[in-house]
Amino acid sequence: MRIAVCLKYVPDPGTIEVDPLTGLIAADRLLYMLNPADESALELALRLRPPQGTVTVFNVGPVEADRLLQEALAAGADAAVRVWDSAISSTKPMITTILLAAALRAAELPDLVLCGGHSVDRGSGTVPALLAEHLGWPVVTEVTQFEMQPDELQSGRMRVQRRLARGARAESEVTLPAILGLETGLVHLRQASLPSLMRVKHTPIPLYGLEELGLSPQDLHFPAMTLHEVMPPRPRARVMFTPDCHRSAPERVAQILSAGVAGKAGQILDSGTPEQQADAIIDFLRQHGFLEKSP
Amino acid sequence: MTALPAKEQFDVIVVGAGPAGSAAALLSARAGLKVLLLERGEYPGAKNVSGAVFYGSAILNQLIPNWWEQAPVERYICRRDIAFMSPTTAVALDFRCAGSGYATAPYNGFSVLRPKFDRWLAAQAEAAGAFLLTSAVVDDVLWDDGRVVGVRVRREQGEIYGKVVIACDGVNSFLAKKAGLQREFHAHELSLGVKEVIGLDPAIIQDRFHLTGNEGIAFEYLGAITEDVHGGAFLYTNRDSLSLGVIGQVSSLVERRKRPYELLERFKAHPAVAPLVRGGKLREYSAHLIPESGWAMQPKLYTDGLLVAGDAAGFCLAAGLYLEGMNYAIQSGLAAAETAIAACRRGNFSARSLAVYRKHLKQRHVSTDFRAYRHAPSFVNGPRLQNLYPEMIARSMEQIFRVDGAPKRKILPLAYRMVRQSEIRPGQLLRDAYQVARAYLW
């Protein structure tokens, strides 16, 4: 059985600092790490691997990500592949999955692909589904557990537990080849032994560019959704209570000090059509700042 | 895949990728030795803290010509200020040099940010051929037949063997203690430094500190700044930030029940310091122990198969006028590497063979400097010199410059009154004067 694990190289949230002078994230202070959900995926793949099986790890990322793949090798993965090309300008899920699908094909399609369900940086949670679309395979997301009996290995079926809302779980079965999107924090990755850590330090990681994958930059052109701007949420302006300017000064002061209580003498709408009464209520609410004034 | 044999044997294992460790690894790797450089942090410098001004640019220049052109340095230090403080007054000695060696290559010193600088220096060692392993905590030394033959890293199958181990694992050196070279420290031998890095626009820094271009200044403060805790304070300019901090002797911090960050807040609020840091934004906060006792806390520097360098060997000169550590760390690291190279050439790693370390330290003026200033730390770091006298100087200046209709006093009667008001006995004063003279003059 051949298992593939997709690993993402993400900034460690603990090292994200906003430079107080520029207001931007200080890129030179960021440290990168293996995405925690992918860490679970790798460990589960290593545990699942049967004696004749292999675990191959894949990454779409710049050369700095080699360190992460080397660590995966030290932990016990059999092979690693990194995909990168100078023509790759973004790592949106859509583009990443096209590259991953091509890389999986180039390295001979596996029986099972494990992905972390969500990354800590972008967290779109779409990679397993998009990858399944490109490969035409079944996908199970939000997986909390999966197991495989030896007889199931023969028949190519696998039992999977999914997380549902409010703590419910769904038990299901999937036919291989398939893609699983795993929850974060299921298990921790084993610690590599010192000799294996030293062995992988200078291990070269095979790099697949667009040419090796049989892709052209055109294949990565997906203008379907473009991010224009990220804005902080801005609360809607609220109208402050202002006392009635026709009243005398002591009355206005009393109105302010009463915090609106004095103004609640009220008015009983007992005449007019229901429409007029409704309009009167809306006017009242607008006047007192509970509704936005019509432009 | 290049597989290494299971029982990998290195020529030199350097523990700790600070300035001492990286310098030792760099020089040994250049000599063609098989070097392993171990670092407990995620990257070299991740856990390292100091002021940080790196004096001794010329030393590194011999190793890596024009190193400042490629290294992440902040500003070259061509101004130094020593200020004597009372709670409201500061009297400063201002030194500025635009001459050669200070404002021109090879420069005298640079302010640096340790996480960047240490990372760069370790990368140089790696480029020279040293094998750098991070996230590797060393738990113990391995013994065989009474000599050190390697270290144990906190991992599965973590034993690594080497012909020489160089311990550069910092002030509270675990390895030196495990190897029985270092005793437990006394609280009065250590100081605690707390430091903040405060972000400030480079243009403001230039204006505020009267600097042009990439010039930098180093301030050192003595006197009332730490109240009754024995210690001082510093402020250094970086490219777009200030490093400032307070140093307090551990024993007196405990005795006086003072919290270091309270002292730091007081320091920042002092009228002479507040305008310098005004408008700055806090970027980082850190703390570290400093081995201030120099000569007195030096461990045995070598045993069979093991050498000790850097802070681990107490090579930090904190003697009033001088506050230097990184230069001695590099020098001692280089001396340890020279010793290891010679031992590898002879194939003899016994303590007797490694004893040339002392000679190399002398040649690099490390042990000679520490010997020369051996009398300084014990009383420079004492209450009178670090706190009382500086404060008296500041108060005297206050009196001298004051015009309030009272008759002017000449300096000698003024000083006499100052001494009378404080609780110093004249004998003590003479003794201190003699000690200052002995420490600095001859």
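Residues numbered from 1 in each chain as written. Chains lettered and ligands numbered in written order. Predicted model: local features only at pLDDT ≥ 70, side-chain atom pairs only at ≥ 80, totals over all residues. Heavy atoms only, no water.

Chemist: Tell me about the environment of Phe241 of chain A, and name the residues and values.
Modeler: Residue and element names in this part refer to chain A. Mapped onto the secondary structure, Phe241 falls in the loop between α7 (210–213) and α8 (249–257). Look at Phe241 and you get partly exposed, because its relative accessible area is 42%. On a C-alpha basis, the gap between Phe241 and Ile256 in space is 8.1 Å, while along the polypeptide they are 15 residues apart. (Helix = DSSP H or I, 4+ residues; strand = E, 2+ residues; numbered from the N terminus. Buried < 20%, exposed > 50% of the residue type's maximum accessible area, 1.4 Å probe, protein only.)

Chemist: Please provide a residue-by-residue account of the packing of helix α1 (residues 19–30) of chain B against helix α3 (residues 114–127) of chain B, values included.
Modeler: Residue and element names in this part refer to chain B. Between α1 and α3, whose axes approach to 8 Å, the crossing angle comes to 15°. The angle between α1 and α3 places the two elements in the roughly parallel class. Once α1 is placed against α3, the crossing between them reads as left-handed. Here α1 contributes Pro19, Ser22, Ala25, Leu26 and Ala29 to the contact with α3, which in turn contributes Arg114, Asp118, Leu121, Ala122, Gln124 and Ala125. Of the residues assigned to the contact of α1 with α3, the class counts are seven nonpolar, two polar and two charged. (Axes fitted to C-alpha atoms, helices over the stretch in contact; angles between N-to-C directions. Parallel < 35°, antiparallel > 145°, perpendicular 65-115°, else oblique. Left-handed = near helix turned anticlockwise from the far one by under 90°. Contact = heavy atoms within 4.5 Å. Nonpolar A, V, L, I, M, F, W, Y, C, P; charged D, E, K, R; others polar.)

Chemist: Could you give an account of helix α7 (residues 260–269) of chain B, naming the residues involved and the relevant values?
Modeler: For α7 of chain B, the complete set of buried residues consists of Pro260, Leu263, Leu264, Phe267 and Lys268 of chain B. When α7 of chain B is viewed along its axis, its buried side chains cluster within an angular range of 135° and face the same direction. (Arc of directions from axis to C-beta.)

Chemist: Break down the domain arrangement of chain B for me, with residues and values.
Modeler: All names here are of chain B. Looking at chain B, the domain boundaries give domain 1 (9–72 + 114–183 + 299–364), domain 2 (187–291) and domain 3 (378–440). The C-alpha centroid of domain 2 is placed 29 Å from the C-alpha centroid of domain 1. Taken together, the contacts link 12 residues of domain 1 with 15 residues of domain 2. In this structure, Glu189 engages Arg183 in a salt bridge whose closest nitrogen and oxygen atoms are separated by 2.7 Å. Counting across the domain 1 and domain 2 interface gives three residue pairs in polar contact (both at pLDDT 80 or more). Considering only residue class, the side of domain 1 that touches domain 2 consists of seven nonpolar, three polar and two charged. (Domains from an automatic or database assignment. Salt bridge = Lys/Arg side-chain N within 4 Å of Asp/Glu carboxyl O. Polar contact = N/O pair within 3.5 Å; in protein donor to acceptor, adjacent residues only side chain to side chain.)

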